[in-house]
Structure formats: C-alpha cells, structure tokens
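# Survey of secondary and tertiary structure
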Amino acid sequence: MKSLLPPIFSAAVAGFGAMACITLLAYLEHLDTSIVWLMAPFGATMVILFGLPSSPLAQPRNILFGHLITSAVGVVILHVFGVSPLTLGLAVGLGVFFMLMTKTTHPPAGANPLVIMLTGQSWQFLVFPVGVGALAILGFGLLYHRLVSRHEYPAASHR
C-alpha cells in the first residue's frame with residue numbers, strides 16, 4: 001500500500017503556494033485600490049502553476065502570453081463589435097485560435113475575453129491586472145518553486 005504522505009504533502013505545498021500568491025496580489029490591490037491586481041482567471045492559473053509546474057501549460061511563456069493574447073482579443077472584439085452572444089463566442093474562439101497558433105496555450109486565459117467583455121474593460125486592463133499581474137505571478141512562482149516546493153521551474157524541457 002502506498003503512503004498518502006507524499007501526495008498530501010505535495011498537495012499542501014501547492015495549495016500553500018496558490019494561497020500565498022493570491023494573498024500577495026490581493027494585498028497589493030488593498031494597498032492601492034486604484035490599481036487592479038486580481039482577476040478570476042488568475043485563480044485557475046494557480047492550479048496549473050503550483051499544482052502542475054512541469055506541465056507545458058504552466059510554463060512562463062504560456063502563462064504570460066496566453067493571458068495577454070486572449071485579453072487583447074477580448075478588448076478588440078468588445079470595442080469593435082460590442083457584446084452579444086456571438087461576439088462572446090467569437091472572442092473566446094479567437095483567443096483559443098491565437099494561443100494554439102503561437103504555442104502559448106494556457107487554459108485559464110480562455111476566460112479572459114469573457115471577463116473583459118462582460119465587465120467592459122479598456123486597453124488599460126492589459127497592463128493591470130493582466131500584464132503586470134501575470135509577471136508578478138511568474139516571479140512569485142519562480143521563487144516559490146526554487147525556494148519552497150523544490151520543483152524545477154520553469155521545466156527544463158520548456159526553457
């Protein structure tokens with residue numbers, strides 16, 4: 001019978017990393033409420049970054065560009081065509097298309113066009129929270145995996 005300790009320990013380390021990262025972003029937002037640091041898709045990014053750090057979907061290029069590409073698509077579709085069932089579907093579909101074409105697939109980023117379009121965001125949203133937030137997440141993840149979890153991150157095969 002396999003011991004449950006390693007999976008429990010591994011899950012606890014991943015959960016702690018996710019908690020610490022989101023707490024840091026929330027604290028930064030709390031310090032200056034004029035700057036948005038959090039968006040819902042970042043919660044899903046935590047699952048992949050801390051739970052599956054060797055996955056191709058968790059690599060820095062995928063996290064950063066997946067979020068930026070899909071967010072840009074959302075802003076463009078919102079401001080050119082507005083919000084309708086068709087444009088919501090179009091934005092998500094184009095986001096998936098561009099992530100796949102650029103080899104920057106990051107599943108949580110697929111929600112970005114919906115978040116952006118349903119909340120009426122501007123181009124500024126690409127800076128805060130998307131760009132700076134994703135970079136902060138990556139910096140935190142890099143340090144966390146090197147100092148705490150001891151997972152090789154980014155994965156050697158994806159550098």
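Below or above, wherever it landed, is the structure these notes cover.

The rules behind these values
Along each chain, numbering runs from 1 in the same order as the chain's sequence is written. Whole-chain, interface and lining totals are the exception, using all residues; otherwise, since this is a predicted model, local features are given only for residues with pLDDT of at least 70 and side-chain atom pairs are given and counted only at 80 or more. In computing side-chain properties, one takes all heavy atoms of the structure into account and sets aside hydrogens as well as water. The way it works is that DSSP assigns letters per residue, a run of H or I at least four long becomes a helix, a run of E at least two long becomes a strand, and they are numbered from the N terminus. All radius of gyration figures rest on C-alpha atoms, and the globule criterion is 2.2 Å times the number of residues raised to 0.38. Type-normalised accessible area, obtained with a 1.4 Å probe on protein chains alone, sets the label of each residue: buried when under 20%, exposed when over 50%, and partly exposed for intermediate values. In this analysis, two residues are considered to be in contact whenever any of their non-hydrogen atoms come within 4.5 Å of each other. We get accessible surface area from the Shrake-Rupley algorithm with a probe of 1.4 Å; when it comes to residues, only the shown protein chains can shield them. Planes of paired rings set the category: under 30 degrees apart is stacked, over 60 is edge-to-face and the rest tilted, where pairs are Phe, Tyr or Trp rings (Trp by its six-membered ring) whose centres lie within 6.5 Å. Comment: axis = line fitted to C-alpha atoms, over the contacting stretch for helices; angle = value between 0 and 180 degrees taken between N-to-C directions. Comment on the angle field: the value is read as roughly parallel under 35 degrees, roughly antiparallel over 145, roughly perpendicular from 65 to 115, and oblique elsewhere. It is the rotation of the near helix from the far one that decides the hand of a crossing: anticlockwise by less than a right angle makes it left-handed, clockwise makes it right-handed. Any residue that is not Ala, Val, Leu, Ile, Met, Phe, Trp, Tyr, Cys, Pro, Asp, Glu, Lys or Arg is counted as polar, Gly included; the first ten are nonpolar and the last four charged. Buried Ala, Val, Leu, Ile, Met, Phe, Trp, Tyr and Cys residues form a nonpolar core when they are joined through side-chain atoms within 4.5 Å. Every patch collects residues that have over 30% relative accessible area and no salt bridge, joining them within 9 Å if they carry like charges and within 5 Å if they are nonpolar side chains (Val, Leu, Ile, Met, Phe, Trp, Tyr). The working definition used for a salt bridge is a side-chain nitrogen of Lys or Arg within 4 Å of a carboxyl oxygen of Asp or Glu. Take the seven residues that end at a residue and the seven that start at it, fit an axis to each, and the angle between those axes is the bend at that residue.

## Side note on the overall build of the protein
- Per the secondary structure count, the protein includes six helices and zero strands.
- Going residue by residue from the N terminus, the α and β elements of the protein occur as α-α-α-α-α-α.
- Taking 15 Å as the expected radius of gyration for a compact globule of 159 residues, we find that the protein reaches 16 Å, a close match to that expectation.
- If you line up the protein on its principal axes, its C-alpha atoms span 55 × 35 × 30 Å.
- Counting the 159 residues in the protein, one finds 40% classified as buried.
- Partitioning the intrachain contacts of the protein with sequence separation of at least 6 by distance along the chain shows that 74% fall at a separation of at least 24.
- For the protein, the exposed area adds up to about 8,500 Å²; of that, 74% sits on carbon and sulfur atoms.

## What to know about the packing of aromatic side chains
- In this structure the tally under the stated criterion is six aromatic pairs.
- Taken together, a centroid distance of 5.4 Å and an interplanar angle of 80 degrees make the contact between Phe50 and Tyr144 edge-to-face. Residue Phe50 is found in helix α2 (residues 40–51), and its partner Tyr144 is found in helix α6 (residues 127–149); the two are separated by 94 residues along the sequence.
- Take Phe50: its relative accessible area is 3%, and that puts it in the buried class.
- Since its relative accessible area comes to 6%, Tyr144 is described here as buried.

## Points about the packing of α2 against α6
- Between α2 and α6, the least distance of the axes is 11 Å, while the angle of their chain directions is 25 degrees. Comparing their axes, α6 and α2 come out roughly parallel. For the pair α2 and α6, the sense of crossing is right-handed. For the pair α2 and α6, the contacting residues are Phe42, Thr45, Met46, Leu49 and Phe50 in the first and Pro129, Val130, Gly133, Ala134, Ile137, Phe140, Gly141, Tyr144 and His145 in the second.
- In terms of residue class, the contact of α2 with α6 is made up of 10 nonpolar, four polar and no charged.

## Notes on the nonpolar core
- Residues Cys21, Met46, Leu49, Phe50, Met117, Ile137 and Phe140 are the most contacted members of the largest nonpolar core, which totals 30 residues.
- Elements with a contribution of two residues or more to this core: α1 (5–31), α2, α3 (60–81), α4 (85–101), α5 (112–119) and α6.
- Aside from chain neighbours lying at most four places away, what touches Cys21 is Met46, Phe50, Ile137 and Phe140.

## Here we look at a nonpolar patch on the surface
- A contiguous nonpolar patch, built from Val76, Val80, Phe81, Leu90 and Trp123 and spanning about 500 Å² of accessible area, is present on the exposed surface.
- Among the elements that take part in the nonpolar patch, α3 stands out by supplying three residues, more than any other.
- When you line up the elements, Phe81 lands in helix α3.

## As for α6
- For α6, the principal kink sits at Gly133 and spans about 30 degrees.
- Of all the positions in α6, only Pro129, Val130, Gly131, Gly133, Ala134, Ile137, Leu138, Phe140, Gly141, Tyr144, His145 and Ser149 are classed as buried.
- Arg150 sits one or two residues past α6 and shows a positive phi near 65 degrees.

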